[in-house]
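Now for the letters of each chain:
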Amino acid sequence: EHEDTALLLEGQNYGAAAADGTQCPSVSVSRTNPAKRNCLVVAVLCFGNLINFIDWFIVPGILLDIQKYFGLSDGKTGLLQTVFTLCYMLAAPIFGYLGDRYNRKIILGAGLFFWSGVTLGSSFITESHYRIFVLSRGLVGIGSASYSTIAPTIIADLFEEGKRTTVLSIFYIFIPVGSGCGYLLAAGMAKSTGDWHWAFRVTPCMGGLALLLLILLVPHRIQRKTAAHRALSISGTILEADEKPDVHRTAKTTWCQDVGSLVKNCSFVCSSLGLTAMAFVTGALGMWMPLFLYRAQVVQGIVPPCLQGSCNSSNSLIFGGITIGTGILGIIAGAEAARRLRKRNNKADPLICATSMFISALCLYIALMVAQTNILSTFIFIAFGELFLSVNWAVVTDILLVRWRCYCRLMAALFPPQLSNALQARNTPSLQWSFRSMQYSFVTCAFVGVFGGGFFLLTSFYIEEDRKEAQR
């Protein structure tokens, strides 16, 4: 059979169904090199994902400048992350529900346009309007939620299982790459222009380009590549569901029914709690680590306190580079380890996650303890801690995505990150401007990482039974 053979969407136009619930007919794939078209779509979505996570981490990259400009304590500075994550948490399940039932391209485009416009507007906010700046971060979180929710499902529907694993891994690599680029862009623009506001004026231009490419290159309707539903695994193992092409699809369900179906599964609940702990630690590191490193250097007498002018941005630049390098290496290593070990042990996924969480927590704790005496050792152990955290991203996605029926796929991918984002927003340092108070705050993250490893261990006790149930 040729690539341009007509493909069916298993009885419904997934993610772009008409409001009246009618099923879409068979649609033929374009004869003009569909493989090339799919690669272009993936490139556009990866570019958008890069912009998405750059916007996430612009604020941490220039956090010291923002604190000084608005005259903020650590507690008030943490409000930026709190509002962002709460808005993201509330918006993402809504977009997940809409993405399962309406046209995903329109939702993506609207979200991209919205958050880019708000980011640009936030660059003109003056020092007397901090509340408006906080509000702008919340609005960015809403727009960002639409993209993080829907883009991975479009990629998953474009490719057969063998190619799908590789393409999704590439897409997720742009999470640490975008995060690291956020630090580099923010610090670089603040240093070169002497004004941190310019850091918020670059990504809107990139967002405009991404929106244009989205309109021109991404199809209006995306169809699943295979007629029979197969479970999704970005580590390379194909887990086929026992669905047949002629079996009638289940009826559309409400949001509450989708969530209820997920919380009844023990492995989903335990892995969700593990991912919550993992993202708690990752979010705290991302938001506060450059500032913590700066205060450690002040304590050691390496750098003077920033009292006037543009603050030293070297820590953001170094931490951004560490995030990019360890993120790429960790995701690749995690996917490869899962691919190899799963052949020997069906519980390999949660065991890998548990092991990496325990090691990461240990490395983070050591980094915190040596920060006041040896800054080089601190950087080294932070790098190892981030590396082992990154190992989990590909693997935990497998645990959450491959087990559930298609209509719950978006919810299974999004529900744990939203819970984790709400919790990580609570990890703001005390109001005391001191290195020690922030050090003690970070110690909490090490213990949370240990609890996360414990939840992944619990997942290993239930995952085989729940996997069989999902396949039935």
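Along each chain, residue indices are assigned from 1 in the same order as the chain's sequence is written. A pLDDT threshold of at least 70 governs which residues receive local features in this predicted model, and a stricter bar of 80 or more applies before side-chain atom pairs are shown or counted, although totals over entire chains, interfaces and linings include all residues. The basis for every side-chain value is the complete set of heavy atoms in the structure, and neither hydrogens nor water enter the calculation.

**What to know about the overall build of the protein chain**
So, point 1. Regarding its fold elements, the protein chain presents 15 helices and 0 strands.
So, point 2. Any residue under 20% of the maximum accessible area for its type is buried, any over 50% is exposed, and the rest in between are partly exposed; the area is computed with a 1.4 Å probe on protein chains only. Here the protein chain, with 472 residues, has 57% of them falling under the buried criterion.
So, point 3. A sequence separation of at least 24 residues applies to 86% of the contacts in the protein chain between residues at least 6 apart.
So, point 4. Areas reported here follow the Shrake-Rupley algorithm with a probe of radius 1.4 Å; residue values treat only the protein chains shown as occluding. Summing over all exposed atoms, the protein chain offers an accessible surface of approximately 19500 Å²; the carbon and sulfur share of this is 66%. The numbering of helices and of strands both runs from the N terminus, where a helix is a DSSP run of H or I of at least 4 residues and a strand a run of E of at least 2. In what follows, residue pairs with any heavy atoms lying within 4.5 Å of each other are defined as contacts.

**Points about the pattern of salt bridges**
So, point 1. Any Lys or Arg side-chain nitrogen found within 4 Å of a carboxyl oxygen on Asp or Glu counts as a salt bridge. The final tally for this structure, using the stated rule, is 1 salt bridge.
So, point 2. One salt bridge in this structure joins R340 and E336, with 2.7 Å as the shortest N-O distance. Of this pair, R340 and E336 are both found in helix α11 (residues 314-341), 4 residues apart, which corresponds to roughly one turn of the helix.
So, point 3. Note on R340: relative accessible area 55%, which makes it exposed.

**Considering a nonpolar patch on the surface**
So, point 1. A cluster of nonpolar side chains, contributed by L209, L212, I215 and L216, occupies part of the molecular surface with about 400 Å² of accessible area.
So, point 2. Classification of L216 by relative accessible area gives exposed; the value is 61%. Each patch is assembled from residues with relative accessible area greater than 30% and no salt bridge, linking like charges that lie within 9 Å and nonpolar side chains (Val, Leu, Ile, Met, Phe, Trp, Tyr) that lie within 5 Å.

**Brief notes about the packing of helix α3 (residues 63-70) against helix α10 (residues 266-300)**
So, point 1. A fitted line through C-alpha atoms serves as each axis, taken over the contacting stretch for helices, and the angle formed by two N-to-C directions is quoted from 0 to 180°. The interhelical angle for the contact between α3 and α10, taken along N-to-C directions, is 80°, at an axis separation of 9 Å. In terms of their interaxial angle, α3 and α10 are classed as roughly perpendicular. For the pair formed by α3 and α10, the contact residues are L63, L64 and Q67 on the first element and M287, W288, L291, Y294 and R295 on the second.
So, point 2. Residue polarity is assigned by list, with Asp, Glu, Lys and Arg as charged and Ala, Val, Leu, Ile, Met, Phe, Trp, Tyr, Cys and Pro as nonpolar; anything else, Gly included, falls into the polar class. Considered class by class, the residues forming the contact of α3 with α10 number 6 nonpolar, 1 polar and 1 charged. The scheme is simple: roughly parallel for angles under 35 degrees, roughly antiparallel for over 145, roughly perpendicular for 65 to 115, oblique for anything else.

**Describing the environment of R37**
So, point 1. Among the structural elements, R37 can be located in helix α1 (residues 34-56).
So, point 2. On the basis of relative accessibility, which here comes to 26%, the residue R37 falls in the partly exposed class.
So, point 3. As for R37 and L217, which are separated by 180 residues in sequence, their C-alpha atoms are 7.6 Å apart.
So, point 4. For the purposes of these results, a polar contact is taken to be a pair of N or O atoms within 3.5 Å, where, inside protein, one atom must be able to donate a hydrogen and its partner to accept one; residues adjacent in sequence count only when each atom of the pair is a side-chain atom. Separated by 2.6 Å, the side chains of R37 and N38 make a polar contact.

**Looking at the nonpolar core**
So, point 1. By nonpolar core is meant a set of buried Ala, Val, Leu, Ile, Met, Phe, Trp, Tyr and Cys residues that side-chain atoms within 4.5 Å join together. Membership of the largest hydrophobic core comes to 111 residues, with the highest contact counts inside it found for L45, I62, I66, F133 and F442.
So, point 2. Ranked by the residues each element gives to this core, the list is headed by α10, at 15 residues.
So, point 3. For each domain, the first and last residues come from an automatic or database assignment. Here this core spans two domains, and each of domain 1 (33-222) and domain 2 (261-471) adds at least three residues to it.
So, point 4. Excluding residues within four positions of it along the chain, L45 makes contact with L108, Y147, A151, I154, I155, F171 and L214.

**Looking at helix α8 (residues 203-217)**
So, point 1. Its 15 residues give α8 an end-to-end C-alpha distance of 20 Å, which sits within 8% of 21 Å, the value for a rise of 1.5 Å per residue.
So, point 2. Of all the positions in α8, only T203, P204, G207, A210, L211 and L214 are classed as buried. One face of α8 carries all of its buried residues, which in axial projection span an arc of 110°. Opposite the packed face of α8, turned more than 90 degrees from it, sit the exposed residues C205 and L216. Expected span of a helix, by definition, is 1.5 Å for each gap between consecutive residues, and there is one gap fewer than residues. An arc is given here, and it is the one of the directions from the helix axis to the C-beta atoms.

**Things to note about the environment of V269**
So, point 1. Relative to the helices and strands, V269 is located in helix α10.
So, point 2. Spatially, the C-alpha atom of V269 lies 9.0 Å from that of F455, the residues being 186 residues apart in sequence.

**Description of the environment of M369**
So, point 1. Mapping M369 onto the fold places it in helix α12 (residues 348-370).
So, point 2. Since its relative accessible area comes to 35%, M369 is described here as partly exposed.
So, point 3. Distance from M369 to Y440, taken between C-alpha atoms, is 9.8 Å for residues 71 residues apart in sequence.
So, point 4. Setting aside its immediate chain neighbours within four residues, M369 contacts Q439 and V443.

**A look at the packing of α1 against α8**
So, point 1. Remark: α1 packs on α8, axes separated minimally by 10 Å, with the N-to-C direction vectors making an angle of 155°. By the angle between their directions, the pair α1 and α8 is classed as roughly antiparallel. Remark: the crossing between α1 and α8 carries left-handed chirality. Mapping the contact onto sequence places L40, V41, V44, L45, F47, I51, I54 and D55 in α1 and T203, M206, G207, L209, A210, L213, L214 and L217 in α8.
So, point 2. Classifying every residue of the contact of α1 with α8 gives 13 nonpolar, 2 polar and 1 charged. With the far helix as reference, a near helix turned anticlockwise by less than a right angle produces a left-handed crossing, and one turned clockwise produces a right-handed crossing.

**A word on the packing of aromatic side chains**
So, point 1. Only Phe, Tyr and Trp rings take part, Trp by its six-membered ring, and two of them pair if their centres are within 6.5 Å. Stacked means planes under 30 degrees apart, edge-to-face means over 60, and tilted covers everything else. What the rule picks out here adds up to 17 aromatic pairs.
So, point 2. Both rings, one in W115 and one in Y147, keep their centres 5.9 Å apart while their planes meet at 80°; by these two values the pair is edge-to-face. Taken as a pair, W115 in helix α5 (residues 104-122) and Y147 in helix α6 (residues 130-158) lie far apart in primary sequence, 32 residues in all. Both residues of the pair, W115 and Y147, belong to the buried class.
So, point 3. Members of the aromatic cluster, joined through ring pairs, are Y69, F70, Y130, F133, W196 and F200.

Everything listed is a geometric property; what it means functionally is a separate question.
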